[in-house]
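The chain contents come next:
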Amino acid sequence: MKNLKNLSLLSINSWLEDRLKTNDTISFIAQNPDNNRNALGIKAWVNIAELHYCKLLTPEKISNSEIRLYFKKLNQNNSFHTEVIQQQEEKYGIQSKFFNIDKNREPTFLLAYKRALEAVKIEGRKEVLNLGINKADEFEFIRELIGEESFNKINFKGIDHSQTALDYAKNRFPNDNVKFYRHDINTISQLNLPKSDLIISIGTLQSPSINYKPFLMSLIQEHLTKNGALILAFPNSRWIDGELIYGAKAPNYNYSEMSLLFNDVIFAKKYLQQKRFRVTITGREYIFITATKINN
Ligand SMILES: C[S@@+](CC[C@H](N)C(=O)[O-])C[C@H]1O[C@@H](n2cnc3c(N)ncnc32)[C@H](O)[C@@H]1O
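In this text, all values refer to a predicted model and were calculated from it rather than measured experimentally. (Residues numbered from 1 in each chain as written. Predicted model: local features only at pLDDT ≥ 70, side-chain atom pairs only at ≥ 80, totals over all residues.)

Trainee: Could you give an account of the site of the ligand, naming the residues involved and the relevant values?
Mentor: The ligand sits among 20 residues. The nearest are Tyr 92, Gly 132, Asn 134, His 161 and Ile 185. Those elements that place two or more of their residues in the shell around the ligand are α4 (137-151) and β6 (155-160). Residues that form the shell around the ligand fall into these classes: 6 nonpolar, 9 polar and 5 charged. (Near = placed C-beta within 6 Å. Helix = DSSP H or I, 4+ residues; strand = E, 2+ residues; numbered from the N terminus. Nonpolar A, V, L, I, M, F, W, Y, C, P; charged D, E, K, R; others polar.)

Trainee: So what's going on with unusual backbone geometry? Residues and values would help.
Mentor: Unlike most non-glycine residues, Lys 121 shows phi in positive territory, near 50 degrees. When you line up the elements, Lys 121 lands in the loop between α3 (107-119) and β5 (127-131). Among the residues examined, Lys 121 registers 11 C-beta atoms within 10 Å and is labelled exposed. Unusually for a residue other than glycine, Asn 134 sits at a positive phi of about 50 degrees. With respect to the helices and strands, the residue Asn 134 is situated in the loop between β5 and α4. Residue class for Asn 134 comes out buried when judged on the 26 C-beta atoms lying within 10 Å of it. (Buried ≥ 20, exposed ≤ 12 C-beta atoms within 10 Å, placed from the backbone.)

Trainee: Mind laying out the pairing of β5, listing which residues take part and the relevant values?
Mentor: Most of β5 is tucked away, with 4 of its 5 residues classed as buried. Pairing geometry for β5 and β6, over 5 bridges, is parallel. Residue pairing in the sheet places Leu 129 in a bridge with Lys 157 of β6. Here β5 pairs with strand β8 (residues 196-202) via 3 bridges, running parallel. Its bridge partner lying in β8, Asn 130 is registered against Ile 200. (Pairing = 2+ DSSP bridges.)

And the structure:
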């Protein structure tokens, strides 16, 4: 078995690139990082695996100086990003690969979302609107965070155009204070909803069906109360074979490129600052924009 103990990171990288051309799973020996400060640690191996579109399987300890590692190639065709679904509204519906994803089990997503909810003081909000609610994972986490009693004091509304996702969400939340609307987000005004004091939209506003910049401006002007807050999240990642892989995918690049993401994030930040919001940008695989009103 190949021993990578004394190789530089560049040489390790070249060896992996070469082996992964012809193998779906590879294993090799490396230094045990528990007793050697100069050895590559498990975090480094997780990153190396991810950068090679692999999953790191559970390492085996051979001795105090050596470990055995296994990389398993991800199936890059097993992704909702490349999935073809005829009915556009059902691209994220119950039959889609997207539907099996549980973002609430991803620490870099969940803890950033938790921080954003705390920043907007979720428990004190009265009318929460979620655009692109899908199966309502984002409401589920709020319920867990603040508890059933506080959750039931807030009115929640979720909009999506996927009927199957909404049917699933309604089953999860038969509560009177939670309502779901099958509607095109672009024409949200037609629903005549009361203004919300918190609007959440995760992984949705960059969708090709939405004209992001004018839509965001109208959302803030027409659908948010005077002291309303906003939580937006934009993916800086792709879901491949069940794994959340860091880095935004951009057209015309075969590696992660973040110009579009930064452009959209900075547009929101500048616009919100003009409208006298305090804005933070946080997160990692999902970039969160959290905006609260500056009162003076
Ligand atoms: C990528 S998913 C994100 C769902 C959820 N927020 C999450 O992060 O798991 C985008 C969601 O927005 C919905 N969507 C996209 N464009 C829409 C539109 N124009 N009107 C209504 N829903 C839309 C999709 O059906 C889908 O459920």
